[in-house]
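As a plain string of letters, each chain reads:
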Amino acid sequence: MTYSILLIGATGAIGSRIATNLFKHRDQFKRVAFLTATADGGPEKEARYKAVPLPRLVGSLEDPSSYHGGVKHFYPAEYGMDLSRPEPQGESFFVHKLNVRKHLEDIVSRDSSKGFTYIMVGMWSNWMLSYNIFGLSGDKKSATFLGAPDTIITTTHADDVASVVALSLLPSHLKSLSDRRRIRLAGSTLTVSEYFSVLSKVLGHDIKVEYTSKEASYAIEQEHKEKGNTLMYILSPLLRALGFGGSVLEGVDNNSYPELKVKSFEEVAKSTFA
Ligand SMILES: NC(=O)c1ccc[n+]([C@@H]2O[C@H](COP(=O)([O-])OP(=O)(O)OC[C@H]3O[C@@H](n4cnc5c(N)ncnc54)[C@H](OP(=O)(O)O)[C@@H]3O)[C@@H](O)[C@H]2O)c1
């Protein structure tokens, strides 16, 4: 079976990595291209589009006829928690992702030839460290973390997320476009206090951690809104779900992808703080 792949969002944090991986495996697909809404996005965007190693297609997502026609298998841009868990339900950060799942499942329930793949990876370890989600202080000797010390969290490096997306698209893994797959990939699955132990080991000193309760997080979220701290306001529901169990993956599929040697959290922390 050979098929074509259209990548939407090829310049994004994960999209650019997926583009690189699809390019690596391009010989195994009929055609691989990326979509942009416009033929001229201005100098800055055009420079980013030029760096994508795939041919480009122009077409708007607003115009269903430009992409809906022949699409048989969908990969929604989840790349995070297992959305079937209770923690993301009712949290504003996940509303669109949950709606997309609902829409996809509605589509495939009406057409047995269509399928989807959900890629679930927990939190990206590199993202958590670069956005200081562990709440480390300037000298990294203390931290304030929204969550509980015994919460289990799965983390995976974004490079491994992109690799599994491309590998899962190879004909050797995607047996039929009508498959409905839930792929779980994990770099590390540890408790929050174990993550801090790893950080402590890598940094070479103790870290005094203060844990923020779920109850307190609502007031903090409101404070972010009032102070106009938009990013933290948007991320608060995500961080609450993370800190209280939403990011654990059970029954992972790492063994189905022996081609992929995932990075552990310790390896990522070492390369971040080296
Ligand atoms: N689990 C984690 O820790 C974690 C961390 C980060 C992200 N994520 C998830 O990964 C997914 C992607 O995030 P990201 O950080 O890679 O995003 P990003 O860097 O913000 O990139 C978004 C991409 O989507 C494209 N895009 C946006 N609106 C579009 C539209 N209307 N039509 C076509 N393309 C559009 C953008 O294209 P242009 O460049 O053309 O504007 C851009 O390439 C999200 O679901 C996010 O929640 C998960």
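Quick notes on the rules
- Residues numbered from 1 in each chain as written.
- Predicted model: local features only at pLDDT ≥ 70, side-chain atom pairs only at ≥ 80, totals over all residues.
- Helix = DSSP H or I, 4+ residues; strand = E, 2+ residues; numbered from the N terminus.
- UniProt positions renumbered as here; feature names shortened; annotations may be inferred.
- Pairing = 2+ DSSP bridges.
- Contact = placed C-beta atoms within 7 Å.
- Axes fitted to C-alpha atoms, helices over the stretch in contact; angles between N-to-C directions.

## Here we look at unusual backbone geometry
Then, number 1: Not every positive phi belongs to a glycine, and Tyr 79 is a case in point at roughly 50°.
Then, number 2: Among the structural elements, Tyr 79 can be located in the loop between β4 (73-74) and α3 (95-110).
Then, number 3: Backbone geometry at Lys 140 places phi at a positive 60°, although glycine is not the residue there.
Then, number 4: Along the chain, Lys 140 falls in the loop between α4 (125-130) and β7 (142-146).

## Observations regarding the UniProt feature "domain: NmrA-like" (unreviewed entry) in the protein chain
Then, number 1: With numbering aligned to this structure, UniProt lists the feature "domain: NmrA-like" (unreviewed entry) at residues 70-218.
Then, number 2: Each end of residues 70-218 is marked by a C-alpha atom, and these two atoms are 44 Å apart; helix forms 34% of the span and strand 23%.

## Notes on the sheet that holds strand β5 (residues 115-120)
Adjacent strands of a sheet form backbone hydrogen bonds with each other and so pair up, either parallel or antiparallel.
Then, number 1: Reading across the sheet, the 3 strands line up as β4-β5-β9 and stay open at both edges, with parallel pairing between neighbours. Every other strand in the sheet has two partners, leaving β4 and β9 (180-184) as the edge strands with one partner each.
Then, number 2: Sheet analysis places β5 next to β9, joined by 5 bridges and oriented parallel. Residue pairing in the sheet places Met 120 in a bridge with Arg 184 of β9.
Then, number 3: On the sheet, helix α5 (residues 158-169) packs against β5 and β9 and is oriented at approximately 155° with respect to β5.

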